[in-house]
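# Working through the structure, step by step
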Amino acid sequence: MNDELMGRLVQTEQRMRAAHQTHLGYPYNLSFGPGVPATLQQFLINNLGDPYVGSHYASEVCELEREAVSWLMRLWGCVNLDDYWGTIGASGTEGNIWGIYLGREALPDAVLLYSADAHYSIPKAARIQRIDAVEVPSNPAGEIDLAALATAVAGLNGRPVILALTCGTTMKGAHDDIAGALVVLEATGLGRDRRYVHVDGALNAMVIPFLQGAPDRIRPSFEMGIDSISTSGHKMIGTPMPCGALVARRIHVDRIARAVAYLKSNDTTLMGSRNGHAVLSIWARLFGHGYGGYAHDALGCSLKAEALADRLRASGRPVLCNPYALTVVFGEPGPEIVNRYQLAANKGLAHAIVMPNVTDDLLDRFATDYLNWSKWTAA
């Protein structure tokens, strides 16, 4: 590599280091550490086809993929692992799209229901697959409004439902009442054979299970009777590349499986080629950091988020910090602060998300800058 190209890469590294120092607005865990040996980067690792079948291609890590998925299955209440299927994919969005696809194949005439605070990938999945979809209002905290959900179901004239719920909404960190939503579906005559329930747990499906005080109604668990859960690898799990995981009931995956002789495998995933390096990274994080590590992170981050919210409130600022969330929502500051801390902003609101890499010093600097800005604008 010539000096010019190397110089560009050095500049990129310096820019990454600087950006990580003040990052506060997106739910990325930047404390992932080395994890996987660098020597593995010299291999093309491609998990082709179904992770439970394998393929002709030998440079794969399907066994480690299955182990990582099994780790998540146990976390999310899968009692008999043989009744479930999972995969490591490109992102939480891929998991949402594929989960909703499994619901569409189970219930071809179903209508997708999702909250106004759902991630944008949920209505996008409906557009891509040409599924009829209805947005359901949320309450001020960002949770799906259960009364509005009942009204939406009643207006479907008996059609089955694919319901997308969220464990940690994008902007407000809210947790949909999973148990309450299932009660609504049952009360409106939508039994297990006429509904499919997917949980988007991109961030907080790796937070809520570790917080002992969190109520069961918001815990993402297959013991409730849901059908699939997705999460992101680059969020709380902590991988150095975007990736994600999906776990679903095996009956839904068996329904769509197609044999592919070219691969000596089954076509059960959205992508034909799947990144084996992402698998290695998730596997190393789950087993290396362990349940205790994630429990420590979840509790520490939630306490720091509450402390930041309390500090802003004490100065008279309107703040939203949902229980058991890592997200602190406040009025959108000026562009200098938005850019400095890489805040996500929408409709006059912005948020900070307290991830494991976020230090007390960073939170103190942000709070000082934000409160100084708010005093200046109020003057």
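Let me begin by describing the structure that accompanies this report. Here the residue numbers are simple positions, counted from 1 along each chain's written sequence. Whole-chain, interface and lining totals are the exception, using all residues; otherwise, since this is a predicted model, local features are given only for residues with pLDDT of at least 70 and side-chain atom pairs are given and counted only at 80 or more. Side-chain figures throughout are based on the complete set of non-hydrogen atoms in the structure, without hydrogens or water.

## Some words on the pairing of strand E11 (residues 327-331)
Filter applied, for reference: Only protein chains enter the accessibility calculation, which uses a 1.4 Å probe. A residue is then buried if its area is under 20% of the maximum for its type, exposed if over 50%, and partly exposed in between. In this description a helix means any DSSP run of H or I spanning at least four residues, a strand means any run of E spanning at least two, and both kinds are numbered starting from the N terminus. When DSSP locates at least two bridges between a pair of strands, those strands are taken to pair.
Counting buried positions over the five residues of E11 gives four, a clear majority of the element. Sheet topology places strand E10 (residues 319-320) next to E11; two bridges connect them, and they run antiparallel. Bridge pairing links Leu320 to Val329 in E11. What sits between E10 and E11 in their antiparallel hairpin is a turn of six residues, with Tyr324 showing a positive phi close to 65 degrees. Pairing between E11 and strand E13 (residues 349-353): five bridges, direction antiparallel.

## Side note on the sheet that holds E11
Ordered by their spatial adjacency, four strands build an open sheet running E10-E11-E13-E12, and the pairing between neighbours is antiparallel. What marks the edges here is a single partner per strand, and that holds for E10 and strand E12 (344-346).

## Focus: helix H6 (residues 178-187)
Selection criterion: Residues adjacent in sequence count toward polar contacts only when both atoms are side-chain atoms; beyond that, a polar contact is any pair of N or O atoms within 3.5 Å, and within protein one must be able to donate a hydrogen and the other to accept it.
Of the residues making up H6, those classed as buried are Ile178, Gly180, Ala181, Leu182, Val184 and Leu185. Capping the start of H6, Asp177 holds a side-chain oxygen 3.4 Å from the backbone nitrogen of Ala179, two or three residues further along. Immediately downstream of H6, the backbone of Gly189 shows phi near 85 degrees, a positive value.

## Considering the packing of aromatic side chains
Worth spelling out the cut-off: Two aromatic rings, drawn from Phe, Tyr or Trp (for Trp, its six-membered ring), form a pair once their centres lie within 6.5 Å of each other, and the interplanar angle then sorts them: stacked below 30 degrees, edge-to-face above 60, tilted otherwise. By definition here, charges over rings are those cases where NZ of Lys or CZ of Arg is within 6 Å of the ring centre and within 35 degrees of the ring normal.
Per the counting criterion, the structure on display carries 12 aromatic pairs. With 6.0 Å between their ring centres and 20 degrees between their planes, Tyr26 and Tyr28 make a pair best called stacked. Through successive ring pairs, a cluster of aromatic residues spans Phe330, Tyr341, Phe366, Tyr370 and Trp373. Sitting over the ring of Tyr52, Arg250 keeps its end group 4.8 Å from the ring centre.

## Some thoughts on the sheet that holds strand E6 (residues 228-232)
For clarity, the cut-off: Think of each axis as a best-fit line through the C-alpha atoms, taken over the contacting stretch in the case of a helix, with angles from 0 to 180 degrees between the N-to-C directions. Every residue pair with non-hydrogen atoms within 4.5 Å of one another is taken to be in contact.
In spatial order, the strands read E1-E7-E6-E5-E4-E2-E3; together these seven strands make up an open sheet with mixed pairing. Looking at strand neighbours, the two that pair on one side only are strand E1 (84-89) and strand E3 (133-136), the edges of this open sheet. Taken over all neighbouring pairs, the strand axes of this sheet differ in orientation by 15 degrees on average, direction set aside. Both strand E2 (residues 111-115) and strand E4 (residues 161-166) contribute to a ladder of four bridges, which runs parallel. Bridged to Leu112 within E4 is Ile162. Strands in contact with H6 are E4 and strand E5 (195-200); relative to E5, the strand with the most contacts, it is inclined by about 165 degrees.

## So, the packing of helix H2 (residues 62-75) against helix H9 (residues 276-314)
How we decide: In this scheme the crossing of two helices becomes right-handed for a clockwise turn of the near helix relative to the far one and left-handed for an anticlockwise turn of less than a right angle. Polar here means any residue other than Ala, Val, Leu, Ile, Met, Phe, Trp, Tyr, Cys and Pro, which are nonpolar, and Asp, Glu, Lys and Arg, which are charged; Gly is therefore polar.
At a closest axis distance of 8 Å, the pairing of H2 and H9 adopts a crossing angle of 35 degrees. For the crossing formed where H2 meets H9, the hand is left-handed. Mapping the contact onto sequence places Leu64, Glu65, Glu67, Ala68, Trp71, Leu72 and Leu75 in H2 and Val279, Leu280, Ile282, Trp283, Leu286, Phe287, Gly290, Tyr291 and Tyr294 in H9. Here the residues of the contact of H2 with H9 sort into 13 nonpolar, one polar and two charged.

## What to know about the side chain of Arg274
Of note, Arg274 is situated in the loop between strand E9 (265-267) and H9. Within the structure, the side chain of Arg274 is placed 3.3 Å from the side chain of Thr87, a separation counted as a polar contact.

## Concerning the pattern of salt bridges
Formally: Think of a salt bridge as a Lys or Arg side-chain nitrogen and an Asp or Glu carboxyl oxygen that are within 4 Å of each other.
Counting across every chain of the model gives 15 salt bridges. Ionic pairing is found between Arg159 and Asp132, a salt bridge with its closest N-O pair at 3.0 Å. Placement of Arg159 in the loop between helix H5 (146-154) and E4 and of Asp132 in the loop between helix H4 (121-129) and E3 is noted, with a sequence separation of 27 residues between them. Using a relative accessible area of 25% as the deciding quantity, one classes Arg159 as partly exposed. What makes Asp132 partly exposed here is its relative accessible area of 42%.

## Comments concerning the pairing of E1
Most of E1 sits out of view: six of its six residues are buried. A two-sided burial pattern is seen for E1, the buried positions comprising Tyr84, Gly86 and Ile88 on one face and Trp85, Thr87 and Gly89 on the other. Both E1 and strand E7 (residues 244-249) contribute to a ladder of six bridges, which runs antiparallel. Bridging across to E7, Gly86 finds its partner in Val247.

## Examining the environment of Gly99
Locating Gly99 in the fold gives a position in helix H3 (residues 92-106). Considered as a pair, Gly99 and Arg159 are 60 residues apart in the sequence and their alpha carbons are 19 Å apart. Among all residues touching Gly99, those that are not within four sequence positions of it are Tyr196, His198, Ser228 and Leu246.

## Concerning unusual backbone geometry
For Asn157, which is not a glycine, the phi torsion comes out positive at approximately 55 degrees. Take Asn157: it is sitting in the loop between H5 and E4. Since its relative accessible area comes to 73%, Asn157 is described here as exposed. The backbone of Tyr324 sits at a positive phi, close to 65 degrees, despite the residue not being glycine. Topologically, Tyr324 is positioned in the loop between E10 and E11.

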